[in-house]
Amino acid sequence: MLEVSNISHQYQNRNQWFRKTKPTQVLKQISFTLEKGYCLGLLGMSGAGKSTLGNIILGLEKPVEGQILFEGQDIYRLNSQARHQIRRDLQVVFQDCYSAVNPLMTAAQIIGEPLYNYEKLTPIEHKQRVAELLEQVGLRVEDGSKRPHQFSGGQLQRINIARAIALNPKLIVLDESVSSLDMVNQGQILSLLAELKKNYQLSYLFVTHDIRAALTICDRIMVLDQGELVYQGYGDHSIMESKHPAVQQLVHAILPEHPSERIRFQHQ
Ligand code: ADP
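Residues numbered from 1 in each chain as written. Predicted model: local features only at pLDDT ≥ 70, side-chain atom pairs only at ≥ 80, totals over all residues. Heavy atoms only, no water.

1. Looking at unusual backbone geometry
Glycine aside, residues mostly have negative phi angles, and peptide bonds mostly take the trans form.
Then comes step 1: Phi at Asn-6 takes a positive value of approximately 50°, unusual for a residue other than glycine.
Then comes step 2: Within the secondary structure, Asn-6 sits in strand S1 (residues 2-11). (Helix = DSSP H or I, 4+ residues; strand = E, 2+ residues; numbered from the N terminus.)

2. Considerations on the packing of helix H3 (residues 107-118) against helix H5 (residues 153-165)
Geometry of a packed helix pair, given as the angle between the helix axes and the separation of the axes.
Then comes step 1: As a packed pair, H3 and H5 sit with axes 7 Å apart at the nearest point and diverge in direction by 25°. Comparing their axes, H5 and H3 come out roughly parallel. For H3 against H5, the interelement crossing comes out right-handed. Judged by residue contacts, Ala-107, Ile-110, Ile-111, Glu-113 and Pro-114 of H3 engage Ile-159, Ala-162 and Arg-163 from H5.
Then comes step 2: In terms of residue class, the contact of H3 with H5 is built from six nonpolar, no polar and two charged. (Axes fitted to C-alpha atoms, helices over the stretch in contact; angles between N-to-C directions. Parallel < 35°, antiparallel > 145°, perpendicular 65-115°, else oblique. Left-handed = near helix turned anticlockwise from the far one by under 90°. Contact = heavy atoms within 4.5 Å. Nonpolar A, V, L, I, M, F, W, Y, C, P; charged D, E, K, R; others polar.)

3. Describing the confidence of the model for the protein chain
Then comes step 1: Averaged over all residues, the pLDDT of the protein chain is 90; the fraction at 70 or higher stands at 95%.
Then comes step 2: Contacts of residues 262-268 to residues separated by more than four positions or lying in other chains number seven contacts, the stretch itself having pLDDT below 50. (pLDDT = per-residue confidence, 0-100.)

4. Points about the sheet that holds strand S8 (residues 203-208)
Then comes step 1: Here we have six strands laid out as an open sheet, ordered S6-S7-S8-S3-S9-S10, and mixed in their pairing. Only two strands of the sheet have a single neighbouring strand rather than two, namely strand S6 (90-93) and strand S10 (228-234). Each neighbouring strand pair of the sheet contributes to a mean axis angle of 20°, computed without reference to strand direction.
Then comes step 2: Both strand S9 (residues 220-225) and S10 contribute to a ladder of six bridges, which runs antiparallel. From the neighbouring strand, Ile-221 faces S10, where its bridge partner is Gly-233.
Then comes step 3: Taken strand by strand, H5 contacts S6 and strand S7 (171-175), and its axis lies near 175° from that of S6.
Then comes step 4: Contacting strand S3 (39-43), S7 and S8, helix H6 (residues 183-200) crosses the sheet at an angle of about 155° to S8. (Pairing = 2+ DSSP bridges.)

See the structure below:
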């Protein structure tokens, strides 16, 4: 469904006199594929190039080199009709659930916005669809009249997920979508994402620095280090065996769940 081939990217920097300096290479020859109904984890420490790659896949940042094929079409060479369709099929949920929403809108308006832009529903159909979406993400229909400040972080992320699935997309880029939540909320949102994936045959690109979250939901895992893919494997504990320093760094960033284990861990 998604084919990423030979993506390289660099950012142009400028000095204090606004003159161009040597560009920074942030992605080097990245290639991989993602099939329908699968969750692919894109892991890496901060600055590895994960968000840049996510933005390139979403069509937001044109790569210097390489191609992104979505269902066989190069997403940077589409006519306006095909681009309109791909915007439905490709959705994103960001980490910062608060800044992703307009604070003045109600939950129902936030979730209903893509429906207004893309579907021609009658007011009754629109209302029904929003109610359905609220229930699908574990919220109550009455929550539709509340505004963002009346929700917890976990609840607001559910609203962002409802908005992302409103148009029955094929691929969702989850950019650190559970990273700012506490462990309990993280677990609940990951279960919700897994359930939605199963029910709607969704594909996810799960961008994260958290190997534990990735192992909970991903079928396959890739690790990015300084713009290079340094590990590709199944979403199981075999990643723990990798000797690559960047993978080891991610593994060691996990804090053991029990505090006594944490003390032992810190002294290792
Ligand atoms: P990650 O998501 O893994 O933290 P990013 O893709 O955000 O990594 O960043 C990769 C590198 O690209 C970093 O060194 C970052 O400073 C740089 N970078 C990101 N966005 C820009 C930009 N718009 N202009 C210049 N450099 C950028």
